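Summary of the model geometry
The chain contents come next:
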Amino acid sequence: MASLTIRKLDDAVKAYLRLRSAGNGRSVEEEVRVILGELIQGRPDFPGSPSASMASPAEASARAPAIADAANQASVTLIIGGGIAAFKSLELIRRLKERRIEVRCVLTKAAQQFVTPLSASALSHERVYTDLFDPGSEFDAGHIRLARECDLIVVAPATADLMAKMAHGHADDLASAILLAADKPILLAPAMNPLMWNNAATRRNVLQLRRDGVTMIGPNAGEMAETNEAGVGRMSEAVEIAAAAVDILRPPRPRPLLGKRVLITAGPTHEPIDPVRYIANRSSGKQGFAIAAAAQAAGADVTLVSGPVDLRDPAGVTVIRVESARDMLHRVEAALPADIAIFAAAVADWRVANEGEQKLKKTSAGMPPLQLVENPDILATISKMKDKRPPLVIGFAAETEHLIENAKAKIARKGCDWIVANDVSPATGVMGGDRNTVHLLQRAGKEIGAGNIAVDNIEVDSWPVMTKEQVATELVARIAKSLEKNS
Ligand code: CTP
């Protein structure tokens, strides 16, 4: 096999690759692999390509992603804002079109510094709109048509400025005028520097826009295009935005948790020993993330407080990343009130009392003594709250022996309403794996909002082995049923 030396590529190609890889948080080599992969997958002679040995249009459409049918015939007005992430919006046009969604692009003035109307037009096969006062498009109120003659408006990248304009109802350019005149759902894919994203003004605007019914995807955490900058602010990937768009365009599905606030913890916690070492456990966070995604799909407003994990933020979920048990407790308390709280995190029970300010060194005096102190119990703290206790509090029980017996004792000790008990012995492969075998323990007769009852009145429902996604869907279905019974 031949190898490719990036160094020997044309300067302009190298510059483009550097920019694109930085934007995607990948190494240049990895970026080249992605580009080649995408290129080759689209070739008709590549086995596995959707267009490979295409026999007939009917066959081709049968092979297209299932989601395509849901969004068939749909049309999107795509507003491209001015930011380095704008180049990803060109890929977004392709992703939407391969899902058979018509795309009409609007480029803000700033966007044109990053991508050209010509490239957007070539990819969308449509005229591109740039100017509020363009007589060609405005003679018949073009901005109103762009706002109304579509099924969804997507703003990607949604810059801090564009979001501020939206939140305050400005309409001094084509993009903001369309957004103000819209009677269609709006999906924003924010992208900005992490400091701008965390700025109080942006936080206010995000809150306002969410209240106004705007849906947001991302931003993701990662490296920024600016050198040595990282944090939350990277625009979601084109495939994620396309999936979120299809989700909105799909015929409405039941959303039994609509209007409910769900708070979830996930992942392990890291308890520092010194600046470079920590105590941790093997939790992957997959189960908690799957529950967050399932609750979001059921219409809930979901906040996920997660310890350090290697998982992407579920779309449409507010994700708060923390390190230690104490951080997790603070962020959970700050996220209240909630209607339902689900504690799936594998919180470290202990932390080091004498955490070293400097790296602990080996000395002739022998091993450094590590004194452990107990961490706050987040589940118990929230379950026993007087005023802000969520009406339904669900814990997890990770056990390696006497599963049901220990889980029953845990429900009583911690004061929660339900417990999802699972055997985490190494042989089960649950910790870090994709499947789970769980038992749902419920205080009998404990529907949402009812008072506490005795421990011997606990019902145990054992579920068959399932994927963590299936466990999540089933748990959300049980919550929805419980809510319904209670209403
Ligand atoms: N939990 C928590 N805070 C802690 C410890 C646990 O919120 N400091 C929560 C977990 O998220 C889970 C439940 O309590 O929902 C049970 O966690 P588990 O690790 O199974 O039990 P422990 O509390 O550690 O008890 P034990 O050591 O007896 O197993």
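Residues numbered from 1 in each chain as written. Predicted model: local features only at pLDDT ≥ 70, side-chain atom pairs only at ≥ 80, totals over all residues.

1. Describing the overall build of the protein chain
Secondary structure summary: the protein chain contains 18 helices and 21 strands in total. Across the 487 residues in the protein chain, those meeting the buried criterion constitute 38%. For the protein chain, long-range pairs separated by at least 24 residues make up 68% of all intrachain contacts whose partners lie at least 6 apart in sequence. (Helix = DSSP H or I, 4+ residues; strand = E, 2+ residues; numbered from the N terminus. Buried ≥ 20, exposed ≤ 12 C-beta atoms within 10 Å, placed from the backbone. Contact = placed C-beta atoms within 7 Å.)

2. Quick notes on the site of the ligand
Surveying the vicinity of the ligand reveals 16 residues, the closest of which are Phe343, Val347, Ile378, Leu379 and Gly395. Going through the elements one at a time, helix H16 (378-383) and strand S16 (392-399) are the ones with two or more residues in the shell around the ligand. When residues in the shell around the ligand are grouped by element, the largest group, four residues, is from S16. (Near = placed C-beta within 6 Å.)

3. Points about the nonpolar core
Ile80, Ile153, Ile178 and Ala245 are the most contacted members of the largest nonpolar core, which totals 62 residues. Once you skip the residues sitting within four places of it in the chain, alanine 245 turns out to touch Val76, Leu96, Leu152, Val154 and Leu187. Counting 59 residues, the second-largest nonpolar core is a separate cluster that includes Phe289, Leu304, Leu329 and Ala472. (Core = buried A, V, L, I, M, F, W, Y, C linked by C-beta atoms within 7 Å.)

4. Digging into the packing of helix H5 (residues 86-97) against helix H13 (residues 238-249)
Where H5 meets H13, the closest approach of the two axes is 8 Å, and the angle between their N-to-C directions is 45 degrees. Considered as vectors, H5 and H13 are oriented oblique to each other. Relative to H13, the crossing made by H5 is right-handed. Across the interface between the two elements, Lys88, Glu91, Leu92, Arg95 and Leu96 from H5 touch Ala238, Val239, Ile241, Ala242 and Ala245 from H13. Classifying every residue of the contact of H5 with H13 by side-chain character gives seven nonpolar, no polar and three charged. (Axes fitted to C-alpha atoms, helices over the stretch in contact; angles between N-to-C directions. Parallel < 35°, antiparallel > 145°, perpendicular 65-115°, else oblique. Left-handed = near helix turned anticlockwise from the far one by under 90°. Nonpolar A, V, L, I, M, F, W, Y, C, P; charged D, E, K, R; others polar.)

5. Brief notes about the sheet that holds strand S13 (residues 340-343)
Backbone-to-backbone hydrogen bonds pair the strands of a sheet. The strands run either parallel or antiparallel. Within the open sheet, the eight strands sit side by side as S12-S11-S8-S13-S16-S17-S19-S20. Their pairing is mixed. Of all the strands in the sheet, the pair left with one neighbour each is strand S12 (318-321) and strand S20 (458-462). Within the sheet, the average angular offset between the axes of one strand and its neighbour, ignoring direction, is 15 degrees. Bridging between strand S8 (residues 261-266) and strand S11 (residues 301-306) involves six bridges; their strand directions are parallel. Among the inter-strand pairings, leucine 263 is bridged to a residue of S11, identified as threonine 303. (Pairing = 2+ DSSP bridges.)

6. Section: the sheet that holds strand S2 (residues 102-107)
Strand order across the open sheet formed by five strands is S2-S1-S3-S4-S5, with parallel pairing between neighbours. With partners counted over all chains shown, the strands left at the sheet margins are S2 and strand S5 (215-216), one partner each. As paired strands, strand S3 (residues 152-158) and strand S4 (residues 186-190) are joined by four bridges and run parallel to one another. Bridge pairing links isoleucine 153 to isoleucine 186 in S4.

7. Here's the deal with helix H18 (residues 468-486)
With 19 residues, H18 extends 27 Å between its outermost C-alpha atoms, agreeing within 8% with the 27 Å of an ideal straight helix rising 1.5 Å per residue. Within the sequence span of H18, burial applies to Lys468, Val471, Ala472, Leu475, Val476, Ile479 and Ser482. All buried residues of H18 fall inside an arc of 130 degrees around its axis, so they share one side. Exposed positions of H18 whose direction lies more than 90 degrees from the buried face are Lys481, Glu484 and Lys485. (Expected span 1.5 Å × (residues − 1). Arc of directions from axis to C-beta.)

8. Let's talk about helix H14 (residues 286-297)
Because an α-helix completes one turn every 3.6 residues, residues spaced three or four positions apart along the sequence face the same direction. Spanning twelve residues, H14 covers 16 Å between terminal C-alpha atoms, matching the ideal 16 Å at 1.5 Å per step. Of all twelve residues that make up H14, eleven are buried, and the element is covered over most of its length. Within the sequence span of H14, burial applies to Lys286, Gln287, Gly288, Phe289, Ala290, Ile291, Ala292, Ala293, Ala294, Ala295 and Gln296. For H14, the secondary structure elements touched by its buried residues are S8, S11, S13, strand S18 (435-436) and H18.

9. Details of the pairing of S4
Each regular strand displays side chains that alternate between the two surfaces of the sheet. Burial analysis of S4 places five of its five residues in the buried class, the great majority of the element. Alternating positions in S4 separate into two faces, Ile186, Leu188 and Pro190 on one and Leu187 and Ala189 on the other, with burial throughout.

10. Quick notes on the confidence of the model for the protein chain
Scored by pLDDT, the protein chain has a mean of 86; 86% of the residues are at 70 or more. Scored below 50 in pLDDT, residues 47-71 makes 30 contacts in the model with residues more than four places away or belonging to other chains. With pLDDT under 50 throughout, residues 447-454 is counted as low confidence; its partners more than four residues away or in other chains account for 16 contacts. (pLDDT = per-residue confidence, 0-100.)

11. Here we look at the packing of H5 against helix H6 (residues 117-124)
The relative placement of two packed helices is expressed as an angle between their axes plus a distance between the axes. In contact at an axis separation of 9 Å, H5 and H6 are set at 15 degrees when each is read in the N-to-C sense. One finds that H5 runs roughly parallel with respect to H6. Crossing hand, H5 versus H6: right-handed. For the pair H5 and H6, the contacting residues are Leu90, Ile93 and Arg94 in the first and Ser119, Ala120, Leu123 and Ser124 in the second.

12. Thoughts on unusual backbone geometry
With the exception of glycine, the majority of residues adopt a negative phi angle, and the majority of peptide bonds are in the trans configuration. At the junction of alanine 156 and proline 157, the peptide bond is cis and its omega measures out at -5 degrees in the coordinates. Counting through the fold element by element, proline 157 comes out in strand S3. Of the consecutive residues leucine 336 and proline 337, the connecting peptide bond is found in the cis state with omega at 5 degrees. Tracing the backbone through its elements, the reader meets proline 337 in the loop between helix H15 (325-335) and S13. Here the phi dihedral of arginine 100 falls at roughly 60 degrees; this positive angle occurs in a residue that is not glycine. A residue is classified by how many C-beta atoms lie within 10 Å of it, and arginine 100, with 17 of them, is partly exposed. Even without glycine at this site, histidine 402 takes up a positive phi of about 45 degrees. Mapped onto the fold, histidine 402 is located in the loop between S16 and helix H17 (403-414).

13. A look at the environment of glutamate 323
Looking at the element boundaries, glutamate 323 is found in the loop between S12 and H15. Filtering out sequence-adjacent residues up to four positions away, glutamate 323 remains in contact with Thr269, His270, Gly307 and Pro308.

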